[in-house]
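Letter by letter, the chains look like this.
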Amino acid sequence: MSFSRAGLSKPSSSNTSNESATTSAKSFKPSDKLNPKTVDFFNTREIQKTAFGTIYTNGGIPCRLVHGSVKNKLMWNTPPEKVPFDPILVILAEGLRETQHPFNFVAREGFKDLLQTHNASEKAIEILPKLIIPIKNAIVLDNDEIFESGLNALVQLSDAVGSYLNAHIKIYLSIIDSKKIQRSSD
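All of the points below concern the structure found in this document. For every chain, the first residue of its written sequence is number 1, and the numbers climb from 1 along that sequence. Given that this is a predicted model, residues contribute local features only at a pLDDT of at least 70 and side-chain atom pairs are listed and counted only at 80 or more, while totals for whole chains, interfaces and linings are drawn from all residues. For the side-chain quantities, the full set of heavy atoms in the structure was used; hydrogens and water were omitted.

1. Points about the pairing of strand 1 (residues 63-66)
Just so we agree on the cut-off: Relative accessibility decides the category of a residue: with a 1.4 Å probe and only protein chains considered, values under 20% of the type maximum give buried, values over 50% give exposed, and everything between is partly exposed. Elements are defined by DSSP. Helices are runs of H or I of four residues or more, strands are runs of E of two residues or more, and each kind is numbered from the N terminus. Note: two strands are recorded as paired if DSSP finds a minimum of 2 bridges between them.
Of the two faces of strand 1, the one holding Cys63 and Leu65 is buried and the one holding Arg64 and Val66 is not buried anywhere. As paired elements, strand 1 and strand 2 (residues 73-76) share four bridges and run antiparallel to each other. Residue Cys63 lies in a different strand from strand 2, and its bridge partner there is Trp76. Here strand 1 folds back onto strand 2 in antiparallel fashion, the turn holding six residues.

See the structure below:
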């Protein structure tokens, strides 16, 4: 396979003195460029919609997906009561915009699981301003699945923080009202 068909460039002979010093110490091998961890010939990797997919893939969320015979569930590496809400709950809220499995499932279930833990209301109240924008971003999108997950997250957050959400509810009501008007005109 030639370099051009593989989407690679040939090593240039016009190296700078620093590059030539490093290459002379270590000879160039074409296989160095063909590391399967870094090269994707068919470009099958999707760019993540949010940072959530990258963070989850790199192990930044302390849970994993357990595939059951009937339904999936999350298994937490750290008990959900001990998981720091800042930044984990904020990252899960950003992941509500994901549409690809397993990211969408992990974001929705993880958000729900953390808000159902003991002392969740105190922890969520502390980071409430950080949760407003990611949930708003999920509700604004035209995708019905994401809109529904954003509304469900808003209900779960409302159950957890109660009247502390009242100061921010105007943001959500205007978005929901405009969506309602848009759907009635369609």
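2. With respect to the environment of Tyr56
As a reminder, the rule being used: Only heavy atoms matter for contacts: two residues are in contact if any of them lie within 4.5 Å across the pair.
Mapped onto the elements of the fold, Tyr56 is located in helix 3 (residues 51-57). Looking at Tyr56, the relative accessible area reads 15%, which means it is buried. Once the C-alpha coordinates of Tyr56 and Ala107 are considered, the two residues, 51 residues apart in sequence, prove to be 9.3 Å apart. Setting aside anything within four residues of it in sequence, one finds Tyr56 in contact with Ile61, Cys63, Arg64, Leu65, Pro102, Phe103 and Val106.

3. So, the nonpolar core
Formally: Among buried residues, those of type Ala, Val, Leu, Ile, Met, Phe, Trp, Tyr and Cys that are joined through side-chain atoms within 4.5 Å constitute a nonpolar core.
Counting residues in hydrophobic clusters, the biggest one holds 42 residues, and the most contacted among them are Phe52, Phe111, Ile135 and Leu157. Beyond its immediate sequence surroundings of up to four residues, Leu157 is in contact with Leu115, Ala124, Leu128, Leu131, Ile135, Gly162 and Leu165.

4. A short note on the packing of aromatic side chains
For any pair of aromatic rings, the description consists of the separation of the ring centres together with the inter-plane angle of the planes. To keep things clear, this is the line we draw: For Phe, Tyr and Trp, rings pair up if their centres lie within 6.5 Å, where Trp contributes its six-membered ring, and each pair is then called stacked (planes under 30 degrees apart), edge-to-face (over 60) or tilted (otherwise).
Tallied over the full model, the rule gives three aromatic pairs. Centre to centre, the rings of Tyr56 and Phe103 are 6.1 Å apart; their planes meet at 85°, and the pair counts as edge-to-face. Here the residue Tyr56 occupies a position in helix 3, and Phe103 occupies one in helix 5 (residues 103-115), the gap between them amounting to 47 residues. By way of ring pairs, the aromatic residues Phe52, Tyr56 and Phe103 are connected into one cluster.

5. Topic: the side chain of Ser149
The condition is simple: In protein, a polar contact means a hydrogen-donor-capable atom and an acceptor-capable atom, both N or O and within 3.5 Å, with residues adjacent in sequence counting only if both atoms are side-chain atoms; elsewhere, any N or O pair within 3.5 Å suffices.
Tracing the sequence through the fold places Ser149 in helix 8 (residues 144-161). A relative accessible area of 6% means that Ser149 is categorised as buried. Only 3.3 Å separates the side chain of Ser149 from the backbone oxygen of Leu96, close enough to count as a polar contact. In contact with Ser149, other than residues within four places in its own chain, are Leu96 and Arg108.

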